[in-house]
Amino acid sequence: MRTQLNLSDILLKTALIIMIGSAMGLIYNAVSPGGIALKGNWSPKITSDSLVVPYGYEEDVDPPAISLDYAMMKFQSRKTIFLDARYPEDFKAGHIKGAINLPYEESEEYAPQVLPQLPKEEEIIAYCDGTECEESLLLARELRELGYEDIKVFFGGWQEWLKAGLPVETGE
Amino acid sequence: MKILKALASIITDKRIVLIFRVVLGVIFIYASLDKIAHPEQFARIIYNYKILPPFLINVFAFTLPWVELIAGLFLILGIFTESAAFLICLLLMVFVVAISINLFRGIDLNCGCFSTDPAGKKEGANLLIKDFLFLFLGIMVFFFNKNFASLSLLFQRKSKHK
């Protein structure tokens, strides 16, 4: 019967488990059809309009990305609908004034009530937290498939809007 | 004090520790499977944690779930039991730190703990509670494992009989 734990033995075997697991992961990744590259490209990109966008954004096919200036101009025109893709809790805590909340992660639940408020021919600007998030892009892609033609993404999002001291509101 | 002592003797009982071992092992195996099946989505989740340097993201995405799987499997079977429990505790502590950092940053996060489905709801503090619970199981196994019903015991017995 073992009386006390042998630390170096434990560490050695821990390293062994890590090596076995890593080796199997490496082999599986190499042979599996769903395998991924050893090194992925994950950094945010700069578009031809000098906008910072998430790495997953494809300029040629995705809905257009817009700048803070453009968003501000459209906000002042009062015709454009701002669509907040964040969670309802975040929306309630603060959002662009007049924005409508359609949480991407819960869109199935929210879409039936929100979509009727969105005329298909209107200009819609989707946003989420900032360049770190992708909900606005994912939501914009889905809406475009549903036939919303004039949908744009404001990647600067809530963070940039807030920083600029532009009109915000809280609550539903 | 009597109650505490009784409780301590119960949770360090070899059968209870065996249950802890199996439960924790099953949790880790279960948590690894979906990530193994969807490395790309899991890589995206790691990316969203914004902790690892980009060149390490993919490597972690296809090795970490396998390490979890092997550690869980070894824990259940009783192979290198202490080491498997130690590794699982280590991983859990890393997860606690990673989740905490992002809770603190207020980043909208999909945990990627059990599922790589982007619709998986963020749970914030609940995740930490779960992690600490698992950590407790891991610590119990690490310190009180008596190799009850384990393969390593089988090997020991065999070598003694020789």
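First, a word on what this report is: a plain description of the structure on this page.

Parameters at a glance
- Residues numbered from 1 in each chain as written.
- Chains lettered and ligands numbered in written order.
- Predicted model: local features only at pLDDT ≥ 70, side-chain atom pairs only at ≥ 80, totals over all residues.
- Helix = DSSP H or I, 4+ residues; strand = E, 2+ residues; numbered from the N terminus.
- Buried ≥ 20, exposed ≤ 12 C-beta atoms within 10 Å, placed from the backbone.
- Core = buried A, V, L, I, M, F, W, Y, C linked by C-beta atoms within 7 Å.
- Contact = placed C-beta atoms within 7 Å.
- Nonpolar A, V, L, I, M, F, W, Y, C, P; charged D, E, K, R; others polar.
- Pairing = 2+ DSSP bridges.
- Right-handed = clockwise from strand over helix to strand, strands pointing away.
- Axes fitted to C-alpha atoms, helices over the stretch in contact; angles between N-to-C directions.
- Parallel < 35°, antiparallel > 145°, perpendicular 65-115°, else oblique.
- Left-handed = near helix turned anticlockwise from the far one by under 90°.

**Points about the overall build of chain A**
Then comes step 1: Of the regular secondary structure elements, chain A holds 6 helices and 9 strands.
Then comes step 2: The buried share among the 172 residues of chain A stands at 33%.

**Brief notes about the overall build of chain B**
Then comes step 1: For chain B, the count of helices and strands is 7 helices and 0 strands.
Then comes step 2: Helices and strands in chain B line up, N terminus first, as α-α-α-α-α-α-α.
Then comes step 3: Taken over 162 residues, chain B has a buried fraction of 41%.

**Here's the deal with the nonpolar core**
Then comes step 1: Core analysis: the biggest nonpolar cluster contains 42 residues, and I17 of chain A together with L24, A71, A84 and I88 of chain B have the highest contact counts within it.
Then comes step 2: Secondary-structure elements contributing two or more residues to this core are α1 (7-31) of chain A together with α2 (14-37), α3 (39-49), α4 (54-77), α5 (81-105) and α6 (125-144) of chain B.
Then comes step 3: It is α4 of chain B that provides the largest number of residues to this core, a total of 13 residues.
Then comes step 4: Here L24 of chain B is in contact with L75, I88, F134, L137, G138 and V141 of chain B, once residues within four sequence places are set aside.
Then comes step 5: Within the second largest apolar cluster, 31 residues are counted, among which are I124, C128, L143 and I151 of chain A.

**Looking at the interface of chain A and chain B**
Often, the extent of an interface is quoted as the loss of accessible area upon association of its parts.
Then comes step 1: Every contact between the two is made by 29 residues of chain A and, on the other side, 30 residues of chain B.
Then comes step 2: Residue composition of the side of chain A that touches chain B, by class: 14 nonpolar, 9 polar and 6 charged.

**Here's the deal with the pairing of strand β8 (residues 151-154) of chain A**
Residue and element names in this part refer to chain A.
Then comes step 1: Of the two faces of β8, both are covered, the one formed by I151 and V153 as well as the one formed by K152 and F154.
Then comes step 2: Where strand β3 (residues 65-66) lies against β8, 2 bridges are found, and the strand directions are parallel. Each bridged residue has a counterpart across the sheet, and for I66 the counterpart in β8 is F154.
Then comes step 3: Of the pairings in the sheet, the one linking strand β7 (residues 124-127) to β8 comprises 3 bridges and is parallel in character. Bridge pairing in β8 places I125 opposite K152.
Then comes step 4: With helix α5 (residues 135-145) bridging β7 and its parallel neighbour β8, the resulting β-α-β unit is right-handed.

**Brief notes about the pairing of β7 of chain A**
Residues and elements named next belong to chain A.
Then comes step 1: Neither face of β7 is open: one carries I124 and A126, the other I125 and Y127, and all of them are buried.
Then comes step 2: Across 4 bridges, strand β4 (residues 81-84) lies against β7 in parallel orientation. Counted as the bridge partner of D84 is Y127 from β7.

**Examining the environment of D90 of chain A**
All names here are of chain A.
Then comes step 1: For D90, the position within the fold is in helix α3 (residues 88-93).
Then comes step 2: When the 18 C-beta atoms within 10 Å are taken as the criterion, D90 is described as partly exposed.
Then comes step 3: Counting along the chain gives 38 residues from D90 to C128, while the straight-line C-alpha distance between them is 9.7 Å.

**As for the environment of F142 of chain B**
Residues and elements named next belong to chain B.
Then comes step 1: The topology assignment puts F142 in helix α6.
Then comes step 2: The exposure class assigned to F142 is buried, which follows from the 20 C-beta atoms found within 10 Å.
Then comes step 3: The sequence separation of F142 and A84 amounts to 58 residues, and the corresponding C-alpha distance is 8.4 Å.
Then comes step 4: When residues no more than four places from it in sequence are discounted, the contact partners of F142 are E82, A85, F86 and C89.

**Concerning the sheet that holds β7 of chain A**
Residue and element names in this part refer to chain A.
Then comes step 1: Spatially, the 5 strands line up as an open sheet ordered β3-β8-β7-β4-β6, and their pairing is parallel. If you trace the sheet from one side to the other, it starts and ends with β3 and β6 (100-101), each paired once.
Then comes step 2: In the packing of α5 onto the sheet, contacts are made with β7 and β8, and the angle to β8 comes to roughly 180°.

**Some words on the packing of α2 of chain B against α6 of chain B**
All names here are of chain B.
Then comes step 1: Orientation of α2 relative to α6, taken along the N-to-C sense of each, is 130°, at an axis distance of 9 Å. With respect to each other, α2 and α6 are oriented oblique. For the pair α2 and α6, the crossing hand works out as left-handed. In this structure, α2 contributes V17, F20, R21, V23, L24 and I27 to the contact, and α6 contributes F134, L137, G138, M140, V141 and F144.

**Examining the packing of α3 of chain B against α4 of chain B**
Residues and elements named next belong to chain B.
Then comes step 1: Between α3 and α4, the least distance of the axes is 9 Å, while the angle of their chain directions is 120°. Here α3 lies oblique to α4, going by the angle between them. Crossing handedness for the pair α3 and α4: right-handed. Residue-level inspection shows P39, F42, A43, I46 and Y47 of α3 in contact with α4, the latter providing I57, N58, F60, A61, F62 and P65.
Then comes step 2: Partitioned by chemical class, the residues of the contact of α3 with α4 number 10 nonpolar, 1 polar and no charged.

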